[in-house]
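# Structural description and commentary
Here is how the chains run, residue by residue.
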Amino acid sequence: MRKSLIISIIIFIVVGLGAIFLVLNKGHVGTISLVAIDAEKEAEEIIMPQLTLELEKQYLSSKNKKKDSSAMTVMIDGEVVTEGVKFESSDEDVAEINEDNEIIPVSDGKATIKAIYDGLEATEDIRVITPIKTMSFTTTNSTIRIGKDLQMKLKVTPSDAYIDTLSYTSSDESIATVDSSGIVTGVSAGKVTITVYDSYTETEKSVKLTIRK
């Protein structure tokens, strides 16, 4: 009788340890699964709704407060949400939200806009800037030798205008390349046009260069 009791206790301990092992290893022994799991059901339980916020504009002008604004679009899993959304600005001294849920510029700087809906949150950054009024190339050298660099000199007004909206392109990168800072590098002999584009005002200026051996 005593022997049977000891055997029963040993079996109980072994079974218990086995159960604990399976729980800790999520039903797996090595690469073998001893517990059937409905993968699709598990995935459905894990996937959460996705809230996204899209801004009509990335930049707003601090010099045109009455006319410049940006609308916002909020979507949950790709479906547009029109009601029940709350908006917040991280810095109302830079940008604020009006009663029509539009972003209004206040002063130069960057703010994070937050959309809150049904316990979910989404954010996007917006920058209030002093836009460029005019720009012109002042580079006097129109010739570059192959393998040499030339820093394009660009004059913008007003002097405190935001210039991170500028981008440079080359009409033929097999002749000359240009980087984001306006440095042109001669690649092969020929003529090329370098253009600077302001994405905020959608204006551009160009200059022609000659690459020589």
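Preceding block: the structure.
The rules behind these values
Residues numbered from 1 in each chain as written. Predicted model: local features only at pLDDT ≥ 70, side-chain atom pairs only at ≥ 80, totals over all residues. Heavy atoms only, no water. Phe/Tyr/Trp six-rings, centres within 6.5 Å; stacked < 30°, edge-to-face > 60°. Helix = DSSP H or I, 4+ residues; strand = E, 2+ residues; numbered from the N terminus. Buried < 20%, exposed > 50% of the residue type's maximum accessible area, 1.4 Å probe, protein only. Pairing = 2+ DSSP bridges. Polar contact = N/O pair within 3.5 Å; in protein donor to acceptor, adjacent residues only side chain to side chain. Contact = heavy atoms within 4.5 Å.

Applying the stated criterion across every chain yields a total of one aromatic pair. Each ring, one from tyrosine 59 and one from tyrosine 162, has its centre 5.7 Å from the other, and the planes form 50°; the classification is tilted. Pair noted here: tyrosine 59 is in strand β4 (residues 59–61) and tyrosine 162 is in the loop between β15 (154–157) and β16 (166–170), with a separation of 103 residues, a long-range link. Across the pair, exposure class does not vary: tyrosine 59 and tyrosine 162 are buried alike.

A few words on the pairing of strand β19 (residues 190–198). Taken together, the five bridges between β16 and β19 define a ladder with antiparallel strand orientation. Bridged to threonine 169 within β19 is threonine 195. The pairing of β19 with strand β20 (residues 203–212) spans nine bridges and is classified as antiparallel. Within β20, the position partnered with threonine 193 by the bridge is lysine 208. Linking two consecutive strands that pair antiparallel, namely β19 and β20, is a turn of four residues; a positive phi of about 55° is found at glutamate 202 within it.

Assignment of secondary structure puts threonine 130 in the loop between β11 (120–129) and β12 (134–137). A distance of 2.7 Å separates polar atoms of two side chains, one belonging to threonine 130 and the other to aspartate 108. Ignoring anything within four residues of it in the chain, the contact list for threonine 130 reads Ser62, Lys63, Asp108, Pro158, Asp160, Ala161 and Tyr162.

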